[in-house]
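Understanding the architecture of this molecule
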Amino acid sequence: MATLFWLQTGACGGDSLAILSAETPSLEQLLTDHGVELLWHPSLSHQPMSQHDAIYQRIVSGEQTLDILCVEGSIVTAPRGTGLYDSYRGRAKMEMVRELAQQAGVVVAMGTCAAFGGVHAAAPNPSDCIGLQFDRDRPGGLLPPEWRSRRGLPVVNVAGCPAHPHTMTQTLAGLAAGWPLPLDGLNRPQAFFNTIVHQGCTRNEYHEYDIEELEPGGRACLFFNLGCQGPMTQAVCNSDLWNGVSSKTRAGVPCFGCTSPTFPREADLFSTPKIGDIPVRLPLGVERARYMAYKNLARAAAPARVRDKEMDV
Amino acid sequence: MARVELNLSLNRVEGDLEIAVVLEDGVVAEARTVGTLYRGFEQIMLGRAPRDSLVITPRVCGICGTAHLYSAVLALEQIWQVPVPPNAVRIRNLCLIAEGIQNDLRQTFLFFAPDFCNPRYRDQAWFAELTERFEPFRGSIYRQTLAQSRKAVEVVAQFGGQWPHSSYMLPGGVTIPPDLRRILACRAVLDDIQHWYEQVIVGAPLDEWLALDSADAYFEWLETPAHADSALGLLSRCARSLGLHGMAAGTRHMLSFGAWCDPQQASGRLLPGGFYDGDSATLSPFDQQLVNEHVRHSWFRPYPGGRHPLNGETVPDFQPNSDRYTWAKAPRYGDKAVQTGPLAELLIGGDALIRSLHAAEGGNAWLRQFARVRRIAYELAGARRMLEELAADIGQPHILNPAKSAEIDGEGFGLIMAARGALGHWLKIEDGVIAQYQIVTPTAWNASPRDSNGLPGHWEQSLVGVAVQDPDDPIEIGHIIRSHDPCLVCTVHMLDSGKKLRFAP
C-alpha cells in the first residue's frame, strides 16, 4: 500500500472537487484497486482532527511512512515571509509543508496554485504566493530547485486550474504502483502534458482555414481574437474530455492556459495581443513568416460550409 | 467552574476556518469563528479588464464557481445595461441548478451524514444501518452519492466545457447554444438522478414529496416504511433522536436573494427572495443598499461602523495578538446578523412544508440539513422546466454581444443564490478597468465575526448553549457547523483542557 496525505494550503478546493469527478480511475478505485491508503484528506476524512494531528506527528517523527504527499493550493508566504496569512492552529501552513515534504517518498503539487503559485499569485500577489518548487515560471519556490524527495524526484507538478481529474488520479495510480514517471521541463508528468489543448479541439477545422470569431458565442476559432491559448497550452483537455463530455474550447470558452506557470496572464484575458494582424504568441513551434503565408492561403481555400460557419462544433 | 477553550479547525473550500469556543461546565458560553486564510481576490481584480472577473472570481471557490461566474456577469450586465436572451438565462439557470444538486448531495451525504458513524453512537438503534449506508468510501449511499454527483456536473460541462472553473457566461448570454444533443444528454443525466432521488433519498415520487405541506403530515409520513427507510428518513430519525431539531437556531433573521433568474424578465426570480425578520416573523423585499460590512474584529485596516460594498475596502492589517481574530468580514443587513442557505431560500421562497416545520420548531440544525435535501426536489423540477423551455424554443439566440460603445464605466452588483446561500459581487469600472471589487459570500454571512456593535455572527450565535460531551471529540459541534454547509468538512481540535487558553494565530 502507498500511503497518501493530502494537505490544503492557499486553495479554493477546486482540485479536491475535480478529483471526485475522475472515473478512470475514480478516487474510490484508487483506494480499493490501486493500492492507495488515504491517511488524510481535509474534505473527506471523517475522523476527529486529533487524529489528523497524530498522523501528522507520526509522519514527521518517521514512525509513519509517507509515500505520497499531495499539496493543493498556493504556498502563502505573507506577511514578510512568515506564512501566517495561511495558518493552522497558529502555525504557518508553509512550515507544515516543509516538514512533511522531507519525509515524503514523492511530493505532488495538485493544481497550478501548488505547482507555480496560480491565481492567488496574480499581480499584485497580495498574499505573496509561490509554488512548491517554482515561483511562477522561475525555478525555486518553497523548495530550492535542487531539492529531491526520498524517492529522488522533484515536486511533481500536476498543473491545471483545477488539475484535470484523470491527470490527478492516473498520476497517483502510477506513483502508487512505483512505475517510472518521466517529467517535462516544468516537472509535469510528460504523459499528460505532451499534448496541446488545440489537439482534439472540435474548432480545429475553423482554425485550419483561418475562420476566426470576432466576438464570443460563435462556432469558429477563438485563437486570433478572443484570447484562446489552446495552441500553446499543454494539457489533455481535448483528448481526455472534462467530466467525460466536453472542454472549454468545445464550449466556446477560450483556453486561458491554466496549466502554464504564467497563468493567469496579466492582460485582458478575452483578447489576443497582436503585432499587426498576427498574434504575438503563435501556436507552439510555429514560425511567424510561414504562418502568415499559410493562413492567407488557407482562408482562400476555405469551403463555404466553413467560411459561412455552418458546421456545429 | 471548568472553563476551557476549544479550537475547532474547520476546513472548507473557500479557505480554512477555525472556531474558538469557550466551554463553561461543558456548555458553549462563547464562540468565535476564525478565518485563517487570506488570499486577496479583491486586490487581484483591481486594474483588470472587466471581463477578467469572469475568469478570476470563479476561482474564489472550487465548489461554487458557477455561482460566482453568474454574480460577476450579472454585475457587468447591470452596468452596461445589456439585455439577456431568455435561452441564455435558461442555460445559466440549468448550470447553476446542476452545481446546486452536486453540492446538496455531497454536503449531505459526504460531509454531514458521516458524523453519525462516530463510534460514540454505536449503541444507538440506527447505528448499524447508518454505518452501512454512510460510512466514507464504503457506505452504499456514500458511494452512490460519489457517482450521482459527478454525473450532475456533466450538465455544467455540456454548456461550460468543464466543472469546476469555467467562464461560459459572458455579458449578453452564454458561449454555446442549446442544441438538441446537449439538451437530451442533460435530460438523461437529470432523469437518472431524479429516479435515484425518488427511490433512495426520499422514497416517493417528486410530485408527491413536493405536495407534502405541513409538519404534521411530514411526521406522519416519516413513520411510513417508504420514507422511514429512505436516506432522508434515516437521517431525520437519527438527527431527531439526538435532538438536533432543538439545537442551534442561531440568528432568527434570514436572507435570500431569490433563486434562479426569470428567463422572461431577468430582474425577476423564479423563487422569490427577501429578508425574513425573525423578531416579527415578517417578510420584506430585499434592499441591497442595506448591506454593509464591518471589520472591527477582522484583520483589515479598520474603519468605523459598516460600509456598503461599493464603498468597502479590503486592506490586510494582520494583528494576531489583539481582539481582532479573523480574515472574515462581518456582513450585516441593516444592523442585523442574518443566516442564509437552503433553509432561508425555501422559507422565504414559500415552501409550505419548510414554513410549517419552521413555525413548529424554529430554525435548527436538523431543519437546515432537511431543507438542503428538500431543495434538491426544487432543483430537479427547475432543471426539467429549463430543458423543456429550451427544447421548445431552440432556435432563439443564446447571446447578444453588447456593442463596444455599451461597455461604459459605472457601478453595479450581481446577486445570486449560490448553493450555500446569498452571494453578491459589487464592482466599479473606471477608465475601462475595474476600480473596486467586493465579494460577499454566503459563508461570510453565516461565519461572520462580531461587528462594530459587538454583535456575534450566525455561527457564533448558534453554538452558544450547546452541551459538549467529550471535548476530545466534540461531535455535537461538528453536527451543528456542518448543518450550515461550511463548504467541506469541519474538524474539531481540543487545546489543553482545564485551563483557559487564548487562541492566538
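Attention now goes to the environment of Ile278 of chain A. Residue placement: Ile278 of chain A occurs in strand β13 (residues 278–279). Sequence separation between Ile278 of chain A and Ala289 of chain A is 11 residues; the distance between their C-alpha atoms is 9.9 Å.

Taken together, the 75 residues of chain A in the interface contact 75 residues of chain B. Here chain A packs against chain B, burying approximately 5,900 Å² in sum over the two surfaces, 59% of which is carbon and sulfur. Taken together, chain A and chain B are joined by two salt bridges. With a closest N to O distance of 3.9 Å, Glu23 of chain A and Arg150 of chain B form a salt bridge. The interface formed by chain A and chain B contains 18 residue pairs in polar contact (both at pLDDT 80 or more). Only α1 (14–19), α2 (27–33), β2 (36–40), α3 (49–61) and β5 (87–88) of chain A provide two or more residues apiece to the side of chain A that touches chain B.

Quick look at helix α13 (residues 342–349) of chain B now. Residues and elements named next belong to chain B. With eight of eight residues buried, α13 lies mostly within the body of the structure. Inspection of α13 places Pro342, Leu343, Ala344, Glu345, Leu346, Leu347, Ile348 and Gly349 among the buried residues, and these make up the whole buried set. Where α13 terminates, the next one or two residues include Gly350, which has phi positive at roughly 105°.

As a further point, take unusual backbone geometry. All names here are of chain A. Residue Pro79 is reached from Ala78 by a cis peptide bond, and omega for that bond is -5°. Counting through the fold element by element, Pro79 comes out in the loop between β4 (75–76) and β5. A cis amide bond links Phe263 with the next residue in sequence, Pro264, at an omega value of -10°. As for its position among the elements, Pro264 is in the loop between α8 (204–208) and β12 (274–275). With a phi close to 50°, Arg89 is a non-glycine residue in the positive phi region. Here Arg89 shows up in the loop between β5 and β6 (91–92). A residue is classified by how much of its surface remains accessible, and Arg89, at 30% relative accessible area, is partly exposed.

Now for a nonpolar patch on the surface. A surface patch of nonpolar side chains, amounting to about 260 Å² of accessible area, comprises Leu180, Leu184 and Ile394 of chain B. Mapped onto the elements, Leu180 of chain B comes out in helix α8 (residues 180–202).

On to the pairing of strand β3 (residues 66–72) of chain A, then. All names here are of chain A. Among the seven residues in β3, six count as buried, and that is most of the element. The pairing of β3 with strand β7 (residues 104–110) spans six bridges and is classified as parallel. Looking at β7, one finds that Leu69 is bridged to Val107.

The rules behind each value
Residues numbered from 1 in each chain as written. Chains lettered and ligands numbered in written order. Predicted model: local features only at pLDDT ≥ 70, side-chain atom pairs only at ≥ 80, totals over all residues. Heavy atoms only, no water. Helix = DSSP H or I, 4+ residues; strand = E, 2+ residues; numbered from the N terminus. Contact = heavy atoms within 4.5 Å. Buried area = accessible area lost by both parts, 1.4 Å probe. Salt bridge = Lys/Arg side-chain N within 4 Å of Asp/Glu carboxyl O. Polar contact = N/O pair within 3.5 Å; in protein donor to acceptor, adjacent residues only side chain to side chain. Buried < 20%, exposed > 50% of the residue type's maximum accessible area, 1.4 Å probe, protein only. Patch = residues over 30% accessible without salt bridge, like charges linked within 9 Å, V, L, I, M, F, W, Y side chains within 5 Å. Areas by Shrake-Rupley, 256 points an atom, 1.4 Å probe, with all protein chains shown as cover. Pairing = 2+ DSSP bridges.

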